[in-house]
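# Report on the structure
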Amino acid sequence: MRLELGNIFIKDVQFGSETKVENGVLYVNKEELLAELVDERLASIDVELAKPGESTRIVPVKDAIEPRVKVEGPGGLFPGFVSKVDMVGSGRTHVLKGACVLTTGKVVGFQEGIVDMSGPGAEYTPFSKTNNIVIIAQPVEGLERHSHEAALRLMGLKAAAYLGEAGRNVTPDEVVVYDCPPLQEALQQYPELPKVAYVYMLQSQGLLHDTYFYGVDVKQILPTFMYPTEVMDGAIVSGNCVSACDKNTTYHHLNSPIIHDLLERHGKDFNFIGVVVTNENVTLADKERSSNFTAKLVHWLGVDGVIISEEGFGNPDADLIMNSTKLEKLGIKTVCVTDEYAGRDGASQSLADSNPLANAVVTAGNANELIVLPPMERIIGDASADVVDVIAGGFAGSLQPDGSIKAEIQIITGATNELGFNKMSARML
Amino acid sequence: MSDKKLRVVHYINQFYAGIGGEEKADVPPEVREAVVGPGMALRAALGDDAEIVATVICGDSYFNEHLEEAQKAVVEMIRQYNPDVVVAGPAFNAGRYGVACGAVAKAVLDELGIPVVSGMFPENPGVDMYRKYAYIVETGNSAASMRQAIPKMAKLAVKVGRGEELGTPEEEGYMERGVRKNIFLDKRGSMRAVEMLVAKLNDQPFTTEYPMPTFDRVEPGKAIADVSKAKIALVTSGGIVPKGNPDRIESSSASKYGKYDIAGVSDLTEDTYETAHGGYDPTYANEDSDRVLPVDVLREMEAAGKIGELHRYFYTTTGNGTSVANAAKFAKEIAAELVADGVQAVILTST
């Protein structure tokens, strides 16, 4: 598969009479956007803009999605949701780089996040650096949680697809070409270099812990192969967030950093053959089955090493360790990417499962570490104690009388992302 | 901030205070507004950065035999001098002295939030027991290494007293405390993973960012000979709580557990119980909490004489993101109560 990714750099976002991109500014026709998002499950929908450096807090954030548009080649963005289920990942796609859709509104579960556009919290989330189109949606009375989540998910994808259209006929600021040949050809490239693959673990533990692959809930898949470029067209979509720090948003999947960095060094340090997508179901039988299939598929690819990324924590630690140890026992070298829950004082052990064979680990940091988020002038969504004290990473009294929030960094969207999106790590002191 | 002269309280034992050896090890804590014993060398090493405002002295036997009392008394003595940092020892390879220095460090950190610097030989039992609570400089095994130890301790004391960001244990010269601390690196995680993979593939050295811990394994207890006579309790990490979560157990990273009376309760309904757990889809547990905490089935078994009795209280917390240290602390307290209440078996449900 050959994909041209045309990045259009967005420096600012403003409301305007027409949705368009001009001189690096994304103009949004609010009424037209809202009309796109109408859904009988949603009682009200509104849009606000949030930009880097503002004294703005967005909470509870459910998902983040980058606006993109398919310009050439088969299929469209987010197959199985806003486009038909064509195979994506080839042709040409335009990206509104620097713009992002964030979705918020009434809490679905306990598990949504905070994005601060400035202050200490902004350091931890990539979405303080993007020009955000924030969609605030309230469900109709009595809407069941799963339907509520599904409505929000679709709403965010539709908004990103609608905004992405504005980039269809714009000349990109840069075009990056990714060429990922079929297996037989791929294996013959660079015979002198070691062969590597990527094991892409997707969270699939139920409501707000789910992920979709071409529209399928990944609880229902068996591990399968994927071309690296498929993610760039939205083959993988987030089912909104559990603990916000380490649930991969759709934005993270679109910009999947391990895939991009493997492609960056492909042909220089190794031959990057492809991706195995797997899940993190809750029962032991599922974990055994998926890790056995993953090990089999990676072995079948004939690679020498893999990077394995986890999503979530606790229960999925078991999947990570099973994947790593089964591959190591087949003689395939592994590097694991995870995050840690070492307690607020950092003195507890960090993972729920462990094996000495997993001897190469990259950590995205300790999610239990405390932070104080100072008050912000503007709140988008709901920053009351009903939300802040109960979402994962918060506790009774998290919301301080002056409007500041004392919580674990777990509460910040994308803070300890396990695709390795951030520069944070942790070390032993 | 670096201009301010730091206030230091120094903790030493009866031997280094010149009171006496083993025969005087039972002297209780005392405080002197003076520089005593190894404090002389410490004062010299601290120079203009810090002054020793008081010295607290306690006999090693007294401290170890009256641990809680001694900790309390020492903390109160230290508190009144409002120090920026406490220096304890160095204790070298003196076991009881090392343990006392560590216990002082723990109490000072817990009660006063003031950092503590100590110095010990790596095999001193105080290191393993209290390494989390103090910055312990590695020393030789006897006072012969005093001259090397004191400048290192002084330098570290000034740094932590000023609240400066510390480097790694190797950089700063203290023994690893086993505490994880977040840090921002130059490269993002994905690139670090790629580079680690390249090193591993080429059999070059690499450093894992998280060395895998060795887990405790718990041997299962002996089977109950006659369950029909047994008093059985329910304990869960699935977060089942009375509706409204009265004790506000956190949805993740629990800092507490709940104990709730289920006398007369034979069914957990949507109106009476729910889950506080943020780590799984709560829909089905909220519909019927018996799915996580099977009170209904146990009541039936109780009525049918299949079990002796269901214990009057259940214990609950959320396992989601809860540190192992907290979980172990809860378990210790819960187990002690269950044993005291004559419970013979526990059904432990997780999610």
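Within any chain, residue numbers begin from 1 and follow the written order of that chain's sequence. Chain labels run from A onward and ligand labels from 1 onward, assigned in the order the entries are written. Given that this is a predicted model, residues contribute local features only at a pLDDT of at least 70 and side-chain atom pairs are listed and counted only at 80 or more, while totals for whole chains, interfaces and linings are drawn from all residues. Only hydrogens and water are set aside; all other atoms, that is, all heavy atoms of the structure, feed into the side-chain values.

Our next topic: the layout of surface pockets. All names here are of chain B. Residues are said to line a cavity or pocket when one of their atoms sits within 4 Å of a point; the points come from a 1 Å grid over protein atoms alone, cavities being sets where a 1.4 Å probe fits but cannot get out and pockets being open sets with protein on both sides within 12 Å along at least five of seven lines. Grid points are joined across faces, edges and corners, and a volume is the space filled by probe spheres set on the points. For the second largest pocket, the calculated volume is near 1,100 Å³. Only DSSP runs of H or I covering at least 4 residues are called helices, and only runs of E covering at least 2 are called strands; the numbering of each starts at the N terminus. Contributions of two or more residues to the lining of the second largest pocket are made by helix 4 (95-112), strand 7 (180-184) and helix 11 (324-340). The dominant element in the lining of the second largest pocket, judged by the number of residues it contributes, is helix 11, at three residues. The residue makeup of the lining of the second largest pocket, split by class, is 15 nonpolar, 12 polar and 12 charged. Each residue is assigned to one of three groups, with Ala, Val, Leu, Ile, Met, Phe, Trp, Tyr, Cys and Pro labelled nonpolar, Asp, Glu, Lys and Arg labelled charged, and all others, Gly among them, labelled polar.

Here we take up the pairing of strand 3 (residues 50-58) of chain B. Residue and element names in this part refer to chain B. Most of strand 3 sits inside the fold, with eight of its nine residues counted as buried. We call two strands paired when DSSP finds no fewer than two bridges between them. Pairing of strand 1 (residues 6-13) with strand 3 involves eight bridges; the strand directions are parallel. Looking at the pairing, leucine 6 lines up with alanine 50 of strand 3. Bridging between strand 2 (residues 30-32) and strand 3 involves three bridges; their strand directions are antiparallel. Bridge pairing links glutamate 30 to isoleucine 57 in strand 3. Any residue under 20% of the maximum accessible area for its type is buried, any over 50% is exposed, and the rest in between are partly exposed; the area is computed with a 1.4 Å probe on protein chains only.

Glancing now at the packing of helix 5 (residues 257-265) of chain A against helix 8 (residues 189-201) of chain B. Inter-axis angles, ranging from 0 to 180 degrees, are taken between N-to-C directions of lines fitted to C-alpha atoms, where helices are fitted over the stretch in contact. In the contact formed by helix 5 of chain A and helix 8 of chain B, the axes pass within 8 Å of each other and the chain directions differ by 45 degrees. What the angle tells us is that helix 5 of chain A and helix 8 of chain B run oblique. Handedness of the helix 5 of chain A/helix 8 of chain B crossing: right-handed. Only Ser190(B), Met191(B), Val194(B) and Glu195(B) of helix 8 of chain B make contact with helix 5 of chain A, whose side of the interface consists of Pro257(A), Ile258(A), Asp261(A), Leu262(A), Glu264(A) and Arg265(A). Classifying every residue of the contact of helix 5 of chain A with helix 8 of chain B gives five nonpolar, one polar and four charged. For classification purposes, an angle smaller than 35 degrees is called roughly parallel, one larger than 145 roughly antiparallel, one from 65 to 115 roughly perpendicular, and anything else oblique. Each crossing gets its handedness from the near helix: less than a right angle anticlockwise from the far helix is left-handed, clockwise is right-handed. The contact definition used throughout considers only heavy atoms, calling two residues in contact when any of these lie within 4.5 Å.

All right, on to the packing of aromatic side chains then. Between two aromatic rings, the relevant description is the distance of the centres plus the angle of the planes. Here is the rule: rings of Phe, Tyr and Trp (six-membered ring for Trp) pair when centre to centre is within 6.5 Å. Planes less than 30 degrees apart are stacked, more than 60 are edge-to-face, and the remainder are tilted. Summed over all chains, the structure comprises 18 aromatic pairs over all chains. With a centroid separation of 5.1 Å and 85 degrees between ring planes, the pair formed by Phe213(A) and Tyr214(A) is classed as edge-to-face. Each member of the pair, Phe213(A) as well as Tyr214(A), carries the same accessibility label: buried. Three or more aromatic residues joined by ring pairs form one cluster here, namely Phe15(B), Tyr16(B), Phe92(B) and Tyr97(B).

The next thing to look at is the pattern of salt bridges. When a carboxyl oxygen of Asp or Glu is within 4 Å of a side-chain nitrogen of Lys or Arg, the pair counts as a salt bridge. Throughout the structure, instances matching the rule amount to 46 salt bridges over all chains. Notably, a salt bridge pairs Glu48(A) with Arg378(A), separated by 2.9 Å at the nearest N-O pair. Of this pair, Glu48(A) sits in strand 5 (residues 42-50) while Arg378(A) sits in strand 24 (residues 378-381); the two residues are 330 residues apart in sequence, bridging distant segments of the chain. The class for Glu48(A) is partly exposed, based on a relative accessible area of 26%. Taking the shortest distance from any N to any O, the salt bridge between Lys159(B) and Glu172(B) comes out at 2.9 Å. One end of the pair, Lys159(B), is in helix 6 (residues 146-161); the other, Glu172(B), is in helix 7 (residues 169-172), and 13 residues separate them in sequence. Note on Lys159(B): relative accessible area 23%, which makes it partly exposed. Here Glu172(B) falls in the buried class, since its relative accessible area comes to 17%. Taken together, the shared-partner salt bridges in this structure form one network comprising Arg265(A), Asp269(A), Lys187(B) and Glu195(B).

Neighbouring strands of a sheet are bound in pairs by backbone hydrogen bonds; such pairs are parallel or else antiparallel. Here we have six strands laid out as an open sheet, ordered 17-19-14-20-21-22 (chain A), and mixed in their pairing. Single-partner strands in this sheet number two, and they are strand 17 (224-226) and strand 22 (361-366) of chain A. Mean inter-strand twist for the sheet, computed between neighbouring axes without regard to direction, equals 20 degrees. Sheet contacts for helix 8 of chain B: strand 14 (195-203), strand 20 (305-309), strand 21 (333-340) and strand 22 of chain A; angle to strand 21 of chain A, the most-contacted strand, approximately 150 degrees.

Right, let's get into the domain arrangement of chain B. Where each domain starts and ends comes from a domain assignment, either automatic or drawn from a database. Along its sequence, chain B is organised into domain 1 (6-172) and domain 2 (227-349). Domain 1 of chain B and domain 2 of chain B are separated by 44 Å when their C-alpha centres are compared.

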